[in-house]
Amino acid sequence: MGISFYEKEGLFQLDTKTTTYLIGIVDGAYVGHVYYGKRLSGCQGACALLRIGEPPFVPSKNEREKASFADTFPFEYSVWGVGDYREHSLLVRTEQGHRVCEPVYVSHRILEGKPGLPGLPATFAGKGGKAETLEIICKDSWIGLKIILRYSVFEDADAVIRSVQLINEGSEKLYVERALSACLEIEGAGFEMLTLTGSWARERTVTRCPLTYGRLSVSSVRGCSSHQEHPFLAVTTPGTTQEQGEVYAMHFVYSGNFLGLCEKSQFDSVRMVMGIHPEGFEWVLEPEASFQTPEVVCIYSDRGLGKMSRILHDLYRNHLIRSPYLHRKRPVLINNWEATYFDFDADKLVEIAREAKKAGIEMLVMDDGWFGRRSRDDSSLGDWYVNEEKLPGGLPALVERIKEEGLSFGIWFEPEMVSPDSELYRAHPDWIIRIPERTPTQSRAQYVLDLSRGEVVDYVYQCVADILYSADISYVKWDMNRQQTDLGSAALSGERQGELGHRYILGVYELQERLVREFPELLLENCASGGGRFDPGMLYYSPQIWCSDDTDAVERLAIQEGTAMLYPLSCIGAHVSACPNHITGRVTPFGTRGLAALAGTFGYELDITKLSAEEKEQIREQVGMYYRYQELIREGDYYRIASWRENQKYDCWEIVTKDGSEVLATYVQVLAGANQKSRRIRLKGLDAEAVYMLAEEIFSDSQESEEQSFGGQEEQPKRTGKKYSGGVLMYGGISVEPVKGDYAGRLLHFIRS
Ligand code: GLA
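So, how was this worked out
Residues numbered from 1 in each chain as written. Predicted model: local features only at pLDDT ≥ 70, side-chain atom pairs only at ≥ 80, totals over all residues. Heavy atoms only, no water. Helix = DSSP H or I, 4+ residues; strand = E, 2+ residues; numbered from the N terminus. Rg over C-alpha atoms; globule rule 2.2 N^0.38 Å. Buried < 20%, exposed > 50% of the residue type's maximum accessible area, 1.4 Å probe, protein only. Contact = heavy atoms within 4.5 Å. Areas by Shrake-Rupley, 256 points an atom, 1.4 Å probe, with all protein chains shown as cover. Pairing = 2+ DSSP bridges. Phe/Tyr/Trp six-rings, centres within 6.5 Å; stacked < 30°, edge-to-face > 60°. Lys NZ or Arg CZ within 6 Å of the ring centre and 35° of its normal. Salt bridge = Lys/Arg side-chain N within 4 Å of Asp/Glu carboxyl O. Core = buried A, V, L, I, M, F, W, Y, C linked by side-chain atoms within 4.5 Å. Near = heavy atom within 4 Å. Polar contact = N/O pair within 3.5 Å; in protein donor to acceptor, adjacent residues only side chain to side chain. Nonpolar A, V, L, I, M, F, W, Y, C, P; charged D, E, K, R; others polar. Right-handed = clockwise from strand over helix to strand, strands pointing away. Axes fitted to C-alpha atoms, helices over the stretch in contact; angles between N-to-C directions. Parallel < 35°, antiparallel > 145°, perpendicular 65-115°, else oblique. Left-handed = near helix turned anticlockwise from the far one by under 90°. Arc of directions from axis to C-beta. Domains from an automatic or database assignment. Buried area = accessible area lost by both parts, 1.4 Å probe.

What to know about the overall build of the protein
In step 1: Check the secondary structure of the protein and you find 14 helices and 39 strands.
In step 2: Against the globule reference of 27 Å for 753 residues, the protein gives a C-alpha radius of gyration of 27 Å, in line with a compact fold.
In step 3: Based on the C-alpha atoms only, the size of the protein along its principal axes is roughly 85 × 70 × 45 Å.
In step 4: The buried share of the protein, reckoned over its 753 residues, is 62%.
In step 5: Of the contacts made within the protein by residues no fewer than 6 positions apart, 71% connect residues no fewer than 24 positions apart.
In step 6: For the protein, the exposed surface amounts to about 27500 Å²; the carbon and sulfur share of it is 48%.

Focus on the sheet that holds strand E27 (residues 523–526)
In step 1: Spatial strand order, E29-E28-E27-E26-E23-E22-E21-E31-E30: nine strands in an open sheet with parallel pairing. Both outer strands of the open sheet, strand E29 (572–573) and strand E30 (576–577), are each paired with one neighbouring strand and no more.
In step 2: Here two bridges tie E30 to strand E31 (residues 603–605), and the two strands are oriented parallel to one another. Along E31, the bridge assignment pairs Val576 with Tyr604.

Thoughts on the packing of aromatic side chains
In step 1: Within this structure, the stated rule accounts for 35 aromatic pairs.
In step 2: Among the aromatic residues, those joined into a ring-pair cluster are Tyr21, Tyr36, Tyr151, Phe191, Tyr248 and Tyr300.
In step 3: One residue, Arg328, lies across the ring of Tyr325, its end atom 4.7 Å from the ring centre.
In step 4: Cation over ring: Arg556 sits above Trp546, and NZ or CZ is 4.9 Å from the ring centre.

Looking at the pattern of salt bridges
In step 1: Evaluation of the coordinates by the stated rule reveals 65 salt bridges.
In step 2: One salt bridge in this structure joins Arg215 and Glu87, with 2.9 Å as the shortest N-O distance. Linking Arg215 in strand E13 (residues 214–220) with Glu87 in the loop between helix H1 (66–72) and strand E5 (90–94), this pair joins segments that are 128 residues apart in sequence.
In step 3: Accessibility expressed as a relative area gives 44% for Arg215, which makes it partly exposed.

Considerations on the environment of Ala688
In step 1: Here Ala688 is to be found in the loop between strand E35 (679–681) and strand E36 (691–700).
In step 2: A sequence separation of 651 residues divides Ala688 from Gly37, and the C-alpha atoms of the two residues are 28 Å apart.
In step 3: Setting aside chain neighbours within four positions, we find Ala688 in contact with Ser725, Gly726, Gly727, Met730 and Tyr731.

What about the nonpolar core?
In step 1: One finds Trp370 and Tyr604 to be the most contacted residues of the largest nonpolar core, which totals 196 residues.
In step 2: Among the elements that line this core, the one with the most residues is helix H7 (residues 454–470), at nine residues.
In step 3: The contact partners of Tyr604, leaving out residues within four places of it in the chain, are Val332, Leu333, Ile334, Asn335, Ile361, His575, Val576, Phe590, Ile619, Gln622 and Val623.
In step 4: Ala642, Tyr650, Cys652 and Val736 belong to the second largest nonpolar core, which has 21 residues in total.

Examining the site of the ligand
In step 1: With respect to spatial proximity, 13 residues lie near the ligand, and among them Asp367, Asp368, Lys477, Gly530 and Asp549 are the closest.
In step 2: Contacts to the ligand include Trp412, whose side-chain N or O atom sits 3.0 Å from an oxygen atom.
In step 3: In this structure, Asn481 approaches the ligand through a side-chain N or O atom, which is 3.2 Å from an oxygen atom.
In step 4: Out of a free accessible area of 310 Å², the ligand has 96% covered by protein chains.
In step 5: Of the residues assigned to the shell around the ligand, the class counts are four nonpolar, three polar and six charged.

Considering the side chain of His88
In step 1: The topology assignment puts His88 in the loop between H1 and E5.
In step 2: Residue His88 is classed as buried on the basis of its relative accessible area, which comes to 13%.

Overview of the pairing of E27
In step 1: Of the two faces of E27, the one lined by Leu523 and Glu525 and the one lined by Leu524 and Asn526 are each fully buried.
In step 2: When strand E26 (residues 475–478) meets E27, the two strands line up parallel, connected through four bridges. Bridge pairing in E27 places Trp478 opposite Asn526.
In step 3: At this point the chain moves from E26, through helix H8 (residues 500–518), to the parallel E27, and the crossover so formed is right-handed.
In step 4: With two bridges joining them, E27 and strand E28 (residues 544–546) adopt parallel strand pairing. Bridge pairing in E28 places Glu525 opposite Gln544.

So, the packing of H7 against H8
In step 1: Where H7 contacts H8, the two axes come as close as 10 Å, and the packing angle between them is 30°. As judged from the angle between their axes, H7 and H8 are roughly parallel. Taken as a pair, H7 and H8 cross one another with a handedness that is right-handed. Residues Val457, Asp458, Val460, Tyr461, Val464, Leu468 and Tyr469 of H7 form the contact with H8, whose own contacting residues are Gly507, Glu510, Leu511, Arg514, Leu515 and Glu518.
In step 2: When its residues are assigned to classes, the contact of H7 with H8 shows eight nonpolar, one polar and four charged.

Some details on the pairing of strand E1 (residues 2–6)
In step 1: Strand direction decides the pairing type here: E1 and strand E2 (residues 11–15), joined by five bridges, are antiparallel. Note that in E2 the partner of Gly2 across the bridge is Asp15.
In step 2: The turn joining E1 and E2, which pair antiparallel and follow one another in sequence, is formed by four residues; a positive phi near 65° is taken by Gly10.

Some thoughts on helix H5 (residues 394–404)
Structurally, the α-helix is built with 3.6 residues per turn, so residues lying three or four positions apart point the same way.
In step 1: Every buried residue belonging to H5 is among Gly394, Leu395, Leu398, Val399 and Ile402, and all of these are buried. The buried residues of H5 occupy one face: seen down the axis, they fall within an arc of 120°.
In step 2: Residues of H5 that are buried sit in contact with helix H4 (346–358), strand E22 (363–366), strand E23 (408–413) and H7.
In step 3: One or two steps after H5, the chain reaches Gly406, where phi turns positive at roughly 100°.

With respect to the domain arrangement of the protein
In step 1: By the assigned domains, the protein splits into domain 1 (81–319), domain 2 (333–415 + 453–481 + 522–630) and domain 3 (640–752).
In step 2: Computed over C-alpha atoms only, the centres of domain 2 and domain 3 are separated by 30 Å.
In step 3: Taken together, the contact pairs 19 residues of domain 2 with 25 residues of domain 3.
In step 4: Surface buried jointly by domain 2 and domain 3 totals about 1800 Å² across both partners, of which 65% is contributed by carbon and sulfur atoms.
In step 5: At the junction of domain 2 and domain 3, the tally comes to two salt bridges.
In step 6: Here Arg628 and Glu696 are joined by a salt bridge, their closest N and O atoms 2.9 Å apart.
In step 7: Put simply, domain 2 and domain 3 have eight residue pairs in polar contact (both at pLDDT 80 or more) between them.

The structure is reproduced here in structure tokens:
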């Protein structure tokens, strides 16, 4: 790892474990992208990749042709208005209404460590971790704008972290209409674009398409990172698989509006950009003021999507998530949402807790409906005091009763919102995001509080903190259930209304920062109607995020496949829920639901008091299974082996310890088929020379065919002791026999002997 500067060539070399990123300065002025790819031991000759010698595009020798130079030069940070007609990263307007800005290299610094970003989530070096940061300082002296391009690398991570800071050194105001965080130029043929797309209850589905001439983008202007598109973009070489092919990826450490865009231009180069969405955005930069963009994580993988996933997982575990729970066993919780929805009282919760305790569950989480007069979703958000009709004696009494049953206690909040039917709204109608005089748009019968205002942030924080101080609460599910409309703030001047979207997100970050500082032992789980704000920004505050409101085990296979492509399994909120599933109506075996939830934080979302004795016993076994494997799942390397979304038949993934000594593989035969032979599943990431013992095997059968289990096993869920060569497991595979009935699952645990 390291950053070097070769003065003679005007070249910066940024090395990570297996990659090199090269930046060149042309004519002492233009900052160009030279190379991003496999690690280089030297960079002699690399400057030729900027093609500066190709006549007549030599700015210092031929000023007449500057426009054609700008039209093709691989700028590290693209601007509008001086001949680069591809996607721009920066657009700044002056008081006179002009929009041209041209950053020219002034100087640079190479710093030890990785600076934090004030008010924003950001990757960090961590205790004893080594990082270096390059700052390339550019300026447009016509308008007095200083632009700092920041690049950080870590000793143990294969990522380049980028962000940009703008400083107004002039004497007049500047209006920043666009300030993206990163721009990357790549070259190659036949590229594809890979994104994660979806909707409510079907978040983060892997989506691929060919990259043709023109622009393709993902974005959100919903005020959050969204269910629909994800702040992630990858460009892959043709036919890239889990193990093969090159991947260039960008992931945005931000939770609000974003734009990620790829453009294939006239000379076949591809430009990728990512940052805050410019639509509706404008930031007023007073003289001496500065604006910091959120950061983008850039990844290059020479070995397919799997390597990219493992790089991101390690990066987020080692350099982004701060929670003390990161390396701790998370409590197995039971949440009452799908069990009761709004229809519960203290006795019902205690009853659930009592049965849960018997099954080994450790925490009860009380979901929506405990406050104000809320008995449906149309009132009381904002009135964060306990409904004593449901919970006599308030939270202290309830929490005591739950603790007497032997469980710890967690609670749901939706702090960013207010119901029109609430005391808070009646007292402060101007505290919502709205345009004065216009009727604001409701969604789920609620409005969004204007968190760009300090007094609203203070009020909301105090409400949450008061509740947390009132009883022994170990966990908070922080929900956010609507997207933004009617963007207007009563507190911002006319020329600053374009700042609202970003200021709102800064308000969310401030709230969560205060919360985790004040309650360092609190386990915080973010949520947004399921996974509507599942992004690296939120991970900086909470070590886990509720993945989706869709708890159907089969649907979850695809949702969790897309999510796990970027995030470690320890972040993915996943629970076993009742069947028929509350959203799809599908019935899946209890065991398979357990295996799907095991690839996440694990917990329950059902009325345990209504389960059969057999199902309660299954919970006991599943909790035991979680205890045995939680550390491996939380800390290990993730490998995707097969995708049900792609093959329409079966799904398979695997977790391996970093030293290859243990592996846990999960296989789900989603659909049964007639006249099938056994299927060979090749494991990955093992030690081919070693011998592995099959230490445990768990079967989960279709409920319709209880007598038919894998390999003809009857009532015998586990067997142990068989030996396999690592090479056989990886290159030959294990044989998985077909089962009658859909949705059967199998868990295999191998230990190196
Ligand atoms: C959202 C969450 C659910 C639940 C409900 C409560 O939809 O994703 O898990 O908490 O809100 O209203």
